[in-house]
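Next come the chains, spelled out residue by residue.
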Amino acid sequence: MDRRTPEAEGLDPVVLKDQLAELWNRKDRQTLHLAAFQGFSKLSEPLEALLTILEGCPGKPKGRSHTLGHHILMEFLTWAKEHPQVTLSSLLEQQALELQQRALSLIRDAQANFADNLINIYQLNSMDPAILLLNIMKLHSVHCYKEAAALSIKLKLQKDLNMEEMCVPLILQNKLGMAESFVTGDNHLEQQLVTLLDSWCHPGFREEEISKRFPHLFVTKHCMSLIDPKILTKHIFRLVEKFNIDQGLCPNALHKRRLDSLRFLMYKRFVEKTMTDENWSDHVQYVVADDSELQIQLVELLVKYSGCLSKASQWSLRYKIPRNRLPFGVWDTQQSLPSDLQQIGVRDSAKTEDWKPSRSHCKTFYQVPVTKENVHFVASPEALRRCRNIVLKEGGIVGVDMEWQPTFGCISTQQVALIQLAVLDQVFLLDLCANGFCQHPDTIIFIRSLFSERSVLKLGYGMSGDVKCLIATWHQLLDEPLKMEAMLDLLNVHQKIQRRKVNRTQKGHKEVVVGKSQQAEKGLSLLVQQVLGRPLDKTEQMSNWEKRPLRISQIRYAVADACCLLDVYSVLSSNPAYFGLPADLRSISSSQSEKKEDKTQKECQGAQGVSPRSSNTEKGLLCGEKPSEDTPPRPPQQLRVVCDNMLQGLGRYLRCLGVDVIVLENTDDHRVAAKLAQAEGRFILTCGQPFQSLRSQVGEGRCLSLDCSEKARDQAVRVLRHFNVQLTPSDIFSRCQACNNDEYAAVPRKDMARMLQQKGFLQGEDSIDHTILQQQQEEGTLGDILTPEFPRYVQCQWAPLSGLNPDTLTFPGGAPIQLHAVPPAVLPRIPLFYVCTRCGKVFWEGSHFGRVLSMFQEVLHIAGEDTKSAAAAQ
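Residues numbered from 1 in each chain as written. Predicted model: local features only at pLDDT ≥ 70, side-chain atom pairs only at ≥ 80, totals over all residues. Heavy atoms only, no water.

Colleague: Pulling in residues and values, what's your account of the pattern of salt bridges?
Modeller: Inspection of every chain in the model, using the stated rule, returns 29 salt bridges. As a salt-bridge pair, Glu165 and Arg213 come within 3.6 Å of each other at their nearest N and O atoms. Separated by 48 residues along the polypeptide, Glu165 in helix H10 (residues 163–172) and Arg213 in helix H13 (residues 208–213) bring together distant segments of the chain. On the basis of relative accessible area, Glu165 is assigned to the partly exposed category, the value being 24%. Arg213 sits in the partly exposed class, given a relative accessible area of 38%. Across the pair Arg385 and Glu382 runs a salt bridge whose closest N-O atoms are separated by 3.8 Å. Highlighted residues: Arg385 and Glu382, both in helix H23 (residues 381–391), separated by 3 residues, approximately one helical turn. The exposure class of Arg385 is partly exposed, given its relative accessible area of 44%. Connected via shared salt-bridge partners are Asp282, Glu540, Lys547 and Arg551. (Salt bridge = Lys/Arg side-chain N within 4 Å of Asp/Glu carboxyl O. Helix = DSSP H or I, 4+ residues; strand = E, 2+ residues; numbered from the N terminus. Buried < 20%, exposed > 50% of the residue type's maximum accessible area, 1.4 Å probe, protein only.)

Colleague: Lay out the packing of aromatic side chains with the relevant residues and their values.
Modeller: This structure, assessed with the given rule, holds 16 aromatic pairs. Taking the centre distance of 5.2 Å and the plane angle of 80° together, the rings of Phe40 and Phe76 count as edge-to-face. With Phe40 in helix H3 (residues 29–42) and Phe76 in helix H5 (residues 68–81), this pair connects stretches of sequence that are 36 residues apart. By relative accessible area, Phe40 is classed as buried at 1%. When the ring centre of Tyr286 is taken as reference, the NZ or CZ atom of Arg258 above it lies at 5.7 Å. When the ring centre of Phe856 is taken as origin, the NZ or CZ atom of Arg713, which lies over that ring, is 5.9 Å away. (Phe/Tyr/Trp six-rings, centres within 6.5 Å; stacked < 30°, edge-to-face > 60°. Lys NZ or Arg CZ within 6 Å of the ring centre and 35° of its normal.)

Colleague: Which residues make up the nonpolar core, and what values go with them?
Modeller: With 92 residues, the main nonpolar core has Tyr122 and Trp200 as its most contacted residues. Of all the elements, H10 adds the most residues to this core, at 7 residues. Excluding its chain neighbours within four sequence positions, the residues that come into contact with Trp200 are Val168, Ile171, Phe205, Ile210, Ile227 and Leu232. Ranked by size, the runner-up nonpolar core spans 43 residues in total, among them Trp355, Leu490, Trp545 and Tyr569. (Core = buried A, V, L, I, M, F, W, Y, C linked by side-chain atoms within 4.5 Å. Contact = heavy atoms within 4.5 Å.)

Colleague: Just give me the short version of helix H12 (residues 187–199), but keep the residues and values in it.
Modeller: Note that an α-helix has 3.6 residues per turn; residues three or four places apart therefore point the same way. With 13 residues, H12 should cover 18 Å at 1.5 Å per step; its first-to-last C-alpha distance of 18 Å lies within 8% of that length. Buried residues belonging to H12 abut H10, helix H11 (176–183), helix H15 (229–243) and helix H16 (251–272). (Expected span 1.5 Å × (residues − 1).)

Colleague: Which residues make up the packing of helix H27 (residues 490–500) against helix H28 (residues 523–532), and what values go with them?
Modeller: H28 packs onto H27 with a crossing angle of 60° between their chain directions and a minimal axis gap of 11 Å. Here H27 lies oblique to H28, going by the angle between them. Note on packing geometry: the crossing formed by H27 with H28 is left-handed. Together, Leu490, His494, Ile497 and Gln498 of H27 and Gly523, Leu526, Leu527 and Gln530 of H28 make up the contact between the two elements. Per-class residue counts for the contact of H27 with H28 are 4 nonpolar, 4 polar and no charged. (Axes fitted to C-alpha atoms, helices over the stretch in contact; angles between N-to-C directions. Parallel < 35°, antiparallel > 145°, perpendicular 65-115°, else oblique. Left-handed = near helix turned anticlockwise from the far one by under 90°. Nonpolar A, V, L, I, M, F, W, Y, C, P; charged D, E, K, R; others polar.)

Colleague: Describe the packing of helix H32 (residues 648–656) against helix H35 (residues 712–722), with residues and values.
Modeller: It is at 8 Å that the axes of H32 and H35 come closest, and there the two elements cross at 60°. Considered as vectors, H32 and H35 are oriented oblique to each other. You can see that H32 and H35 cross each other, and the crossing is right-handed. Here Gly649, Leu650, Tyr653 and Leu654 of H32 lie close against H35, whose contacting residues are Ala712, Arg713, Gln715, Ala716, Val719 and Leu720. By residue class, the composition of the contact of H32 with H35 is 7 nonpolar, 2 polar and 1 charged.

Here is the structure:
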């Protein structure tokens, strides 16, 4: 076919590209804009020339907004609006198809905006789907799984592809987010993904099943750790909520969540002994439900935890467990049980309990300031009208609290069962479980009026969680959200008190005895203790709030939670300066700085902790401890820590910055951290309740607690400041984030290509420039190269490439290079690869270094030779 060439009849696009690149490097954007407009007009084939220019631009594979390629594309779009005649339809069919093929190769690894514009300019959605699918599967066949999925999403071809074939490799490469994006918007695909993940949670699932189903995948131990049932269960329930999928599609995850809940209940009842038998019994029946396997597990766990065969026998009789499934001794105990003990007794404590608690309870805990006669149940429109007349009086103050049935993660957001409204001398309990009362129009109208009334001050603690449950209770609040007026969340006030470290009990009671265990108070109970002198009794907190009638102890707890808000506010507002508060407490919640607090946090740090959002003078505080002013500066390599499994994200960040970190696995017990700290002289980083037991097993100051609600990046900054770590650009990526090793081997591109071909990951027809690769491969053989020039910002140990076994491609320690994780498409643009000699993970230079550098700018020390590399990464 006789084709015109831009070089013969118009401006050479390569010349235009060089001209624009020079202006881009000079940062002369105005001249670049003019040159682009004039240059595009001189091109004989603008659409073909644009591709030539973009293909020659540095940074074009990603199409990021700060690259020359992206800027040229945006300039072309602006120019094209003034030249509507420049369209693909003006070209011959074969010529248009060739341009579409070239455009396809550009968008494979491009960002969304860059790719969308190319798709529109070259009308890629109009191409034959078979051609588009062929391109996607070609990427997939050379292990560019992420790029294949991204291209299918951009071209909206997910329905034409096999979900498992596309998503399983992504999940095993820790790219579940991309798999989610692949299925999002198609209900059938969404259900398929959830069902797939759930099948991996089956107790009989084995990793060999994946290897048989996908023989081309290289399944490593690290891959299998990504599909640990504990991790998968969290993802499954998150996706069930996100996609609004019936939980019946994930029976294995539901069974695992219920089994974990059952073990938790056993621990609370028989180890901590912080749960009453009534509450325990209610929750066990809810968790076990009609699952016969869980019923059997219940009996087995009762024998293990309580050692009481009679109790196990009672529950086995209740659920009619077959004799052949009973633990040893339970059947014989069944036969010897008197008839009156063969059923689990149900006490009518609502009738037998006294309103006034015991004397010891009165001495230990905050007491309800109202009589039983002034506690009113509201379960009808008539009772609601009486409540409304009192609660919504102008100028009034109302303590607001809510209770709901614990579901132990089986349901993401619970519906409210009881709303407590406390005024000066009365408490109203709105019973949303009463027949027809919850969804009665008057009830919803009252709730809206309560929260929107400006003349009534509403007090709460961690009210964002309450609002979420209100929305789950009344879905109409999604369409027409609540108007929140005159609200004071005492959680914000409490956090301000903690930050100022001014509280009346700081030198007094830090811990109280609850039952037989000694635990530090937290949340609202801590605030009540600090302000009023005694904490709340939280024994009934985890009650079955949907069961009627409520026990007296439950009612007393519910009333106390609402009344204490009034009492705390009264004391704080009468002497705010004593607690380090402003005269107008209401100004705290309206302050912009306070609004930036963690809105979902339900608990404030315990008496021995400190809020993570410290003032500037308190930065670096960990667990109430401030680093000594004479703490000498240290490089990251000299800090050795062990991170609890609740801080895995922190551990990865610290490794990324060069700190020597051991991270506990999900299945590890917390006590493993103490053993490692003792054996290897490491500091323990933990959060939550394990802190109390771990710090007693190591030396003073060797166990530090962080707030789990804080982002991992902020936790890492806090740790660096606490230990006075001097972070430099040369420390970033000096350790393998996967295994903590600090030794790498540098592999040039030609050797990486040879290894990929040797193991079958690189075929002759792959879409890369094989001419260049072949020329590079002819330069020498594996290992006979000079030591490469390593990046100056990497400070680690370097292993000689000659130590690599050329046949097995393993290092002396036996770790094979993870070649399956190297997309062949990166070979043309990556000259040097870095391989961890312990686990074989392969790394290469990209934009990640610049992002990490930017994230930790505030704790970075840049001097001398680091300046250029840091500047280049910005």
